[in-house]
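The chain contents come next:
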Amino acid sequence: MKYLKKTFISIGIFALLFFIINEISSYLVGYSKAKIQSYNNDKLIFNNLIYSQEENLKILSNILILDENVKEAYRTNNPEIIKQHITPLWEKVRNDKLTYEIHFFKPPATSFVNFSNFKSIHTDVSDVRTDIVWITTSFQPSFHPFMCKTYAGYRATLPIIDDDGTMLGGVSLGKKIDWIPEIIKQSTKHDSFLVYNKESTNSLIDKYFKEFIQDKEIIGEYILANQTKKIDSNLLKSINFSLTSQDIILDNKKYLLHIYPIIDFNKKTMAYLCTVDDLDSFFKDYYEKLLYNLILIFITAIIIFLLSRKKSIELLQEIDYIAKISENIKKRDFTTLHKIINQKSKKQSDTSLCILEEDILDMGLEIEKKYKTLELENQHKTKLLVSQLYTDKLTKLLNRSALFRDLDIYENAYLAIFNIQSFKRINDVFGFDTGNLILQQVAYHLKKLHIEEEFSIYRVGNDEFVIINHDNITQEDFESHVQLIIKTIEKESFYFNNEESNISINLYSGISFCKDKKLTTSNIALSIAKQRNKDYIIYSEDKNVKTKQLDNIQTIKKIKNALQNDDILVYFQPIVNNEGLIIKYEALVRMRDGDTILTPFHFLEISQRTKYYHDISKHVILKTFDTFKNRDEMFSINLIAQDMMDDDIVALIYKELQRTKDAGKVVFEIVESEDIYNIKEVSDFIYKVKSMGGKIAIDDFGTGFSNFSYILQIRPDYIKIDGSIIKNIDKDPSAKKITQAIATFAKELNIKTVAEFVHSEEVYKLCKELGLDEYQGYYFSEPLML
C-alpha cells in the first residue's frame, strides 16, 4: 500500500507536472494563435472594406471611360460635353456618397474637368499625381490609396483610350478613408484609430492641409486622425509602427495592438490602421478549460496522465480547424462555411474551443450577409446609373449614348434621322414649355408606330429623333416605313395650352444604308433634305460633299496658321448717333490669308467646332480692349453662348473690365441662339457684367430666336435690329412695321435701339423718323483698322 501510495503520489506529481507543463504549452500556443487569429480577422475585415470600395469605384469608372460622350469631349477638346453629360451622374453618386471626386485628366496629368473644382482646368498636377502619369503612359488602370493636393483617399485611376487605341486621357475617382475606423468597430467590435504619416501630407496645399488637420492632432512625425477610443499623445509616441502587433496599456488595461500599413501608389506608407483587441474571449475560454482540467486532475491523476497529451493534440487540431474556417471566410467561400455549420449542428461538437469556433462562424455569417447586401446595392445602383445614362429625361426614349451602344450590336441596321421643321419658331412663338410638350407627343406617336422587338427609337438632339431596325428588312421596306412615319406625323394634331390649342408639324428625314458612320451620313442626307425642301433624302456618295469636307479641313489649317502668324485681325465699324457723329465702334474679326482679308463668313462657323475658336475669341477681346484703352469712344464685342460658358474667356473679360478706366463704355453684344437665356452661365455672365458697370446689347434682334419676354427678363441696354429687316425698310411695309414695333417697345423700357445694315440715305432718314437712336452700316463707313 505504501509503495502503491508512493506510486500514486509519484504518478500524481508527475501528472500534476505534466498538467502544468501542458497548460503552459497550451496557453502559449493558444495565445500565439489567438493573436494571429485576431490580427488576421481584423485584416480580413479591413481588406474586404477596401475591396468593396474598389469594386464600387471600378464599376463607376468603367461606365465613365466607355462613355462615347466622354471620348468625344477629348477628341474635340471640349470639356463642356463632359460637364453637361456627366453632371447628373456626378450629383447622384456624390449625394449617395459613392465617391468624393470625379476628375478627368489629359496626358500626362493636366486637369481637363474636375467636378470638385471646375476652375482647375488646364492645371498640371504631374508633380503630385504620379498615378495619372503612370496610367496615361502604361495604358493600365490602378486602384490604390493616395494623398493628393486636396485630400487622402482610396482612388480608382483608369486610362481613357479611343476606339483606335489612342490615349485620350484618364479619369480619377476617389473616396476619403476617414470612415474606416468606425466601420471596423461595427464589424469586429474592436476599437480602432487611423494615423497618418506627417510626411505623406506634404502634397496637400495649404488651404486643404488646414481643412485636413482641423479634426486631427499632430504628434511628432504622425497625425492622429479618426478614432473610436480616445488615444493620448504619450501612448502614440510609444507605439513602434514597424511591428505588426504589440502589447499596449490603454485605460489601465492590457490590449493587443494590430498595425496595418496603408501603402500609397508610390509604395510609401501613407497611414496606418490600428486596431486594439483585449482577447477576452481567449482568456475566458482558457480559464474555463483550466478550471475544468483542475477538477479532472483531482478526480483521477491517472486519467489526466493518459489523456493530457491527447487533449493537447486535439486542442491544436481544433485551433487549426478554426484557422481553416477563418481562411474560408477570408476567401469568401461561404458555401464551405454553411457545410461546416450543418456538420456542426449534426455532430453537436463540444470541444474546448467551441465558443471561439462559434463566434468565428457567426462572424462569417455576418460578413456573408453584409457582402450580399453590398452586392445587391451595387447591382441596383449600377442598373439605375445605366438607365440614367441611356435614357432621354424629357421623352423617356433612348438617348444618343444608347444609339452608339446599339449600333455596335445591330451592325447591319439601317438608320433614319428625323427633324421637326421650323421647331425653333414653335419655341419662339409658343414658348419652350410648349416646345417640350410637342417633343413628348412626337415621342409618343413614334412609339405607337413601332414594335419594340423590331425597331429602337432615340432622341439624339433638341428636335431630332432616330430609328434603327433590329431584324433584316429590305431597303425598300425601310424607306416605306420612313414615309409612313412622315405621313402619320403630318396627319396628327399636337395639342397644348391644356388641349385648347393645337398645331400640325412636318418632318425632314435623312436615311443611311451605309455600313459605317450611319449617324454622320444620315445627318448629311438630312441637311440636303432641308436644303432641297424634301421630306427625306437617302444618303449617297457625293463628290460635292467630299469637296466641302476637304475645304473645311483646309480652312482649319488656315485658322491654325493665322493664329501662329498673328494674322487674326480686328476691324472696327463706326456707330453714329442722330447727328451723324461717331460715338461707338463694333469689333469685327477678320483673317488674313496671304494678300486676302477674309470675313467671318469664311472661317468663324468652322472654328466654333474646333479648339481654335477659344483662341480667336481671346485674341479679339485682348486686341479690342488694348485699342480703346486710351480712346474715349464706346466699343462693343460680339459674344455667343459658347464664349459665356468658357470659364477662361469669362475670367479674361472680368479681368479686362476691372482694368479699364471706364467699364461703362464697354458693350457686349449677345448673339442670340435657341434657349440661350435658359443657360445658367449666360444669365450669371449678364448679371456680373452689369454689376461691374458694363453694357449689354441684344444683337440681330427680330430674327428667328428673338423673344420679347427675354427682353423683359434681362433688360439690355441696347437692342440691335437685324440688318435683314433694316435693309428693306424703305421698300417693305412689313419691315417698317416690325421696326416701329421694336422701337416703341424699347422706348417704353428705356432701351436704346441700333439700326444695322444702313446702306443708303433713304434708309437712314426713315430710321430716324421711326425714332431709332443709333445707326451702323456702309452708308457711314465700312469696317476699318484703327
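Computed from a predicted structure; not experimentally measured. By convention here, each chain's residues receive numbers from 1 onward along its written sequence. Where local features are concerned, this predicted model is filtered to residues with pLDDT of at least 70; where side-chain atom pairs are given and counted, the filter is 80 or more; whole-chain, interface and lining totals use all residues. Processing note: side-chain calculations cover all non-hydrogen atoms of the structure and skip hydrogens and water entirely.

Asker: How should I be thinking about the overall build of the chain in this particular structure?
Answerer: In this description a helix means any DSSP run of H or I spanning at least four residues, a strand means any run of E spanning at least two, and both kinds are numbered starting from the N terminus. From N to C terminus, the chain includes 26 helices and 27 strands. The C-alpha atoms of the chain give a radius of gyration of 38 Å, which is well past the 28 Å a tight globule of 786 residues would have. Across its three principal axes, the chain shows a C-alpha extent of roughly 150 × 70 × 50 Å. Across the chain, every contact between residues at least 6 apart in sequence was considered, and the portion connecting residues at least 24 apart equals 64%. Surface exposure here means Shrake-Rupley accessible area, sampled with a 1.4 Å probe, where a residue is shielded only by the protein chains that are shown. As displayed, the chain has an accessible area near 40,600 Å², and 52% of this comes from carbon and sulfur atoms. Positive charge is attributed to Lys and Arg, negative charge to Asp and Glu, and no charge count is given to His or to the chain ends. Note that the charge is assigned to NZ on lysines, CZ on arginines, CG on aspartates and CD on glutamates. Taking the average location of the 101 positive side-chain charges in the chain and that of its 110 negative ones, the two points are 5 Å from each other. In this treatment the radius of gyration is a C-alpha quantity, and the globule benchmark scales as 2.2 Å times the residue count to the 0.38 power. By the convention used here, residues are in contact when the closest approach between their heavy atoms is within 4.5 Å.

Asker: Help me understand the packing of aromatic side chains, please; the structure alone is not making it clear to me.
Answerer: Between 30 and 60 degrees the pair is tilted, below 30 it is stacked and above 60 it is edge-to-face, where a pair is any two Phe, Tyr or Trp rings, Trp via its six-membered ring, whose centres lie within 6.5 Å. By the definition in use, this model includes 25 aromatic pairs. Between tyrosine 27 and tyrosine 31 the ring centres are 5.8 Å apart and the planes differ by 5 degrees, which places this aromatic pair in the stacked class. In this pair, tyrosine 27 and tyrosine 31 both sit in helix H1 (residues 2-65), 4 residues apart, roughly one turn of the helix. A simple rule labels every residue: compare its accessible area, found with a 1.4 Å probe on the protein chains alone, to the largest value its type can have, and call it buried under 20%, exposed over 50%, or partly exposed in between. For tyrosine 27, a relative accessible area of 26% translates into the label partly exposed. The exposure class assigned to tyrosine 31 is buried, which follows from its relative accessible area of 14%.

Asker: Quick question: what am I supposed to make of the nonpolar core here?
Answerer: Nonpolar side chains tend to gather and get buried jointly when the protein is soluble and globular. Grouped together as the largest cluster of nonpolar side chains are 72 residues, with contacts concentrated most on Ile82, Ile102, Phe104, Val171, Tyr196, Leu403 and Val466. Sorting elements by how many residues they give to this core places H1 first, with 11 residues. Those residues in contact with isoleucine 82, other than ones at most four positions away along the chain, are Val70, Ala73, Tyr74, Thr87, Phe104, Phe112, Val113 and Phe115. In this text, buried Ala, Val, Leu, Ile, Met, Phe, Trp, Tyr and Cys residues form a nonpolar core when linked through side-chain atoms within 4.5 Å. Counting residues in hydrophobic clusters, the runner-up holds 63 residues, among them Ala641, Phe685, Ile719 and Val763.

Asker: Is there a simple way to think about empty space enclosed by the protein in this case?
Answerer: The gaps left among the atoms become clear once a water-sized probe is rolled over them. Using a 1 Å grid laid over the protein atoms alone, points where a 1.4 Å probe fits but cannot get out form a cavity; open sets with protein on both sides within 12 Å along at least 5 of 7 lines form a pocket; any residue with an atom within 4 Å of a point counts as lining. Grid points are joined across faces, edges and corners, and a volume is the space filled by probe spheres set on the points. Taken as a whole and judged by the stated rule, the model has 4 cavities of 30 Å³ or more. For the largest cavity, the calculated volume is near 110 Å³. What lines the largest cavity is a set of 10 residues, among which Asn56, Ile59, Leu98, Asn378 and Leu385 lie closest to the centre. Among the elements of the structure, H1 and helix H11 (354-389) are those that each provide at least two residues to the lining of the largest cavity. Residues are sorted three ways: Asp, Glu, Lys and Arg are charged, Ala, Val, Leu, Ile, Met, Phe, Trp, Tyr, Cys and Pro are nonpolar, and all the rest, Gly among them, are polar. Taken together, the residues of the lining of the largest cavity sort by class into 5 nonpolar, 4 polar and 1 charged.

Asker: Which parts of the structure should I look at to understand a negative patch on the surface?
Answerer: Together, Glu358, Asp359, Asp362 and Glu366 make up a region of like negative charge exposed at the surface. Within the element layout of this structure, glutamate 366 appears in helix H11. Distance thresholds for patches are 9 Å for like charges and 5 Å for nonpolar side chains (Val, Leu, Ile, Met, Phe, Trp, Tyr), applied to residues having over 30% relative accessible area and no salt bridge. Salt bridge, as applied in this entry: a Lys or Arg side-chain nitrogen positioned within 4 Å of an Asp or Glu carboxyl oxygen.

Asker: Would you mind going over the sheet that holds strand E10 (residues 253-263) with me for this structure?
Answerer: What links the strands of a sheet is backbone hydrogen bonding, and the strands pair in either a parallel or an antiparallel sense. The pairing criterion for strands is at least two bridges between them, as found by DSSP. Taken in spatial order, the 6 strands line up as E7-E8-E6-E11-E10-E9 in an open sheet, and their pairing is antiparallel. Strand pairing shows two members of the sheet lacking a second neighbour, strand E7 (217-219) and strand E9 (245-250), which therefore form its edges. Along the sheet, successive strands turn relative to each other by an average axial angle of 35 degrees, direction set aside. Where strand E6 (residues 191-197) and strand E8 (residues 222-227) come together, 4 bridges link them in antiparallel fashion. Counterpart to asparagine 197 in the pairing with E8 is tyrosine 222. For helices, the fitted axis covers only the stretch in contact; all axes are lines through C-alpha atoms, and the angles between them, taken along N-to-C directions, range from 0 to 180 degrees.

Asker: Looking at this model, I keep getting lost on the pattern of salt bridges. Mind explaining?
Answerer: Pairing between side chains of opposite charge can happen when their charged atoms approach one another. Tallied over the entire structure, the rule returns 34 salt bridges. One salt bridge connects aspartate 626 with lysine 629, and the closest N-O pair in it is separated by 3.2 Å. A salt bridge links glutamate 669 to lysine 720; the nearest nitrogen and oxygen atoms lie 2.8 Å apart. One end of the pair, glutamate 669, is in strand E23 (residues 666-671); the other, lysine 720, is in strand E25 (residues 718-721), with 51 residues separating them in the sequence. Members of the salt-bridge network, linked through shared partners, are Glu68, Lys71, Glu72, Arg75, Asp162 and Asp163.

Asker: What's the story with the pairing of strand E11 (residues 269-277) in this structure? I'm lost.
Answerer: Every regular strand shows the same layout, with side chains that alternate between the two sheet faces. Within E11, 8 of the 9 residues are buried, leaving the element largely enclosed by the surrounding structure. One ladder, built from 6 bridges, connects E6 with E11; its direction is antiparallel. Each bridged residue has a counterpart across the sheet, and for aspartate 191 the counterpart in E11 is valine 276. Judged from the 8 bridges that link them, E10 and E11 form a sheet pairing that is antiparallel. By the bridge assignment for E11, isoleucine 262 is matched with alanine 271. If you look at the hairpin formed by E10 and E11, you'll find 5 residues sitting between the two strands, and lysine 267 has a positive phi there, around 65 degrees.

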